Structures are given as structure tokens and as C-alpha cells.
Amino acid sequence: MSVLSMETRVRVASCLVDCVSIRATERITGVHRDTVMRFGVTLGEGCARLHDRLVRDLPCRLLQCDEAWTFVHTKNARVGPENPAEWGDQYVYIALDVSTRAIVSYLIGKRDGEGAKAFARDLRGRTTGRPQISTDGWGPYPEAIWQAYGYQVDLGQVVKHYTRGGRRDDHRYEPPREPFITRTVVAGNPSMPDINTSLVERQNLQLRSCIKRMARLTNAYSKKKRNLDAAVALHVFWYNYGTVHGTLRVTPAMAAGLTRHVIGLGAGVMEAVLVDDHVVLVGPVAA
């Protein structure tokens, strides 16, 4: 059985983290799309294990949480009772640390109470102290965060209201104009000016800009949830460890104290993060 060279792996990984579709990666690198998919799943699942092990005990003061919609195989309207449970709408839950811009926790699942509780439990296991958490007005968030944190949290919600006028009929995805925002204290004593979800909503744009299967109005979508999980895990690892933030001038992982070095994609870089098809992190790596 042939094995991809390290140089080829770097080229494939470079495409996958820059919103290149599987078939386009095949054309660019000359690697068959099935091989690209298998490699992407292996790399993404290794990144998920790394995130689970390394992103722990973060003293976050301000956290913003939101979820981004996507789907697996079929949109909800066409899912039948005989189809697998993973088909249909899926949501990528994201918790962003405001000061470091690091993605502290993420979860791919249904947008329901159980999904919100699993996300909140995972977030609680990665943070220390008493954070202030901001979410949108979705109903299950307060109970989920309360069950995970108890009294050790300050929680606020942001609800955006839009007027009905001002939207043109030919702009299907344009929200009604002139929004106004209501900030609500849900638990504890959060700082009112800090109840905000702007940064995590900007992260949703990052998701759709860097993961081709999450781009709007495209035929690139996930056929299996395992593939979606791997793609999101790869993006989160690359965002945290390999993307230098324009304002911070360092990667989010460096700002959070998780590492002192930038993980890049270059000649000797993937050797440090991918050994025998298992992702590991060893020593400093040049950008």
C-alpha cells in the first residue's frame, strides 16, 4: 500500500485549512479524493484528541457562546423516519475566550437541550474560576450553563431585534434592517457592557470562510457526521495554534499560554504534528 509523502501531506493539509473543497484539492495536489478524505479524517481526529488534552484549566474571564448551522447528507426538510439520526441539521457550538480569541470549547450536534448541556459541560471542564458568559437568546442556554457551573458563573444574554421594513425582496438572506439589542442578566452579576456576542459571531464567519463544507450556497457538504467532526476539529486546531491574530500579533494558543510557538505548514512542520498518521505536538516549530 502506498503512503503519501510528508510533502504531499503538507500540500493536502494546506488546502483543507484554506476552504478548498475535496475535489479541488484532488485537482491541485493530484491526490485522489478518497485519499484526501481519509487523510483529512485522520488529521482532524488527531487534532480533536490534541484539543481535548491540551485546552484545559484556562482562567477565562469573558466567554462568548454561539452556534453555527450546517447539515449532514440531507437538510431537515427531506429527512425521513428511516434515515440515520445524524442526517439533517447539525450545529457547531463555539465558546470563544474574549481576551485571547481562543476557541475554548466546541461541539457538533443537534440544536436541542441535550446538545446545549453537553456543550456547557465540556466548557466547564476546560475553564477555571468564575467566568462571565454571554450567549444569544436561545432558550436552553440558561439551564445548560446553570447545570454545568452552578453559582460559579455570571451569565448574560443578547437578543437582537429587527424591524420589518427595509429589506428588498430580491435579498433572501439579508436580515431586516435597523437592529436593536436587548441585554439581559440571567445569573450572577455580569458586567452589562461585556454582555456581547459580536466576537463569536465573527468566528462563525471564520468557520464558513475556512471550512468549504460550511460555506453558504455551495454543493460542498458533509455526507457523514464523522467527516464534519474532523473538518471542524482541524479548523479549530489550525485557528488556535497556526493562525496569527491580526490584533494580538500572536496565535490564540500563544495568547492563552498553551504554547510559545506558532504551528505552521512548511517543509518540516507537519513532521511535528503528524507522525505515522497520529497527530502529536512536540517542541517548537518554525512558522
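Use the structure listed above.
Starting afresh in each chain, residues are numbered from 1 along the sequence in its written order. The predicted origin of the model limits local features to residues at a pLDDT of at least 70 and limits the giving and counting of side-chain atom pairs to 80 or more, whereas totals for whole chains, interfaces and linings rest on all residues. For the side-chain quantities, the full set of heavy atoms in the structure was used; hydrogens and water were omitted.

### Examining the overall build of the protein
Step number 1: The helix count covers DSSP runs of H or I at least four residues long, the strand count covers runs of E at least two residues long, and both are numbered beginning at the N terminus. Each helix and strand in the protein was counted, giving nine helices and eight strands.
Step number 2: Across the 287 residues of the protein, 48% fall into the buried class.
Step number 3: Any two residues whose heavy atoms approach within 4.5 Å are treated as being in contact. For the protein, the share of sequence-separated contacts (at least 6 apart) that also reach a separation of at least 24 residues comes to 57%. Buried, partly exposed and exposed residues are distinguished by accessible area as a fraction of the type maximum, computed with a 1.4 Å probe on protein chains only: under 20%, between the cut-offs, and over 50%, respectively.

### So, helix α4 (residues 113–124)
Step number 1: Spanning 12 residues, α4 covers 16 Å between terminal C-alpha atoms, matching the ideal 16 Å at 1.5 Å per step.
Step number 2: For α4, the full list of buried residues reads Gly-115, Ala-116, Lys-117, Phe-119, Ala-120 and Leu-123.
Step number 3: Residues of α4 that are buried in the fold lie against β1 (62–72), β2 (88–97), β3 (103–109), β4 (132–136) and α5 (140–149). Expected span of a helix, by definition, is 1.5 Å for each gap between consecutive residues, and there is one gap fewer than residues.

### Some remarks on the nonpolar core
Step number 1: What is meant by a nonpolar core is a set of buried Ala, Val, Leu, Ile, Met, Phe, Trp, Tyr and Cys residues, joined one to another through side-chain atoms within 4.5 Å. Among the nonpolar cores identified, the biggest contains 39 residues, and Leu-63, Leu-123, Ile-133, Ile-145 and Tyr-149 are the most heavily contacted of them.
Step number 2: Listing elements by their share of this core, those giving two or more residues are α1 (6–16), α3 (33–54), β1, β2, α4, α5 and α7 (225–242).
Step number 3: Once residues within four sequence positions are removed from consideration, Leu-123 is found in contact with Leu-63, Cys-65, Ala-95, Val-104, Ser-105, Ile-133 and Tyr-149.
Step number 4: With 19 residues, the next largest nonpolar core counts Trp-87, Ile-103, Leu-207 and Met-214 among its residues.

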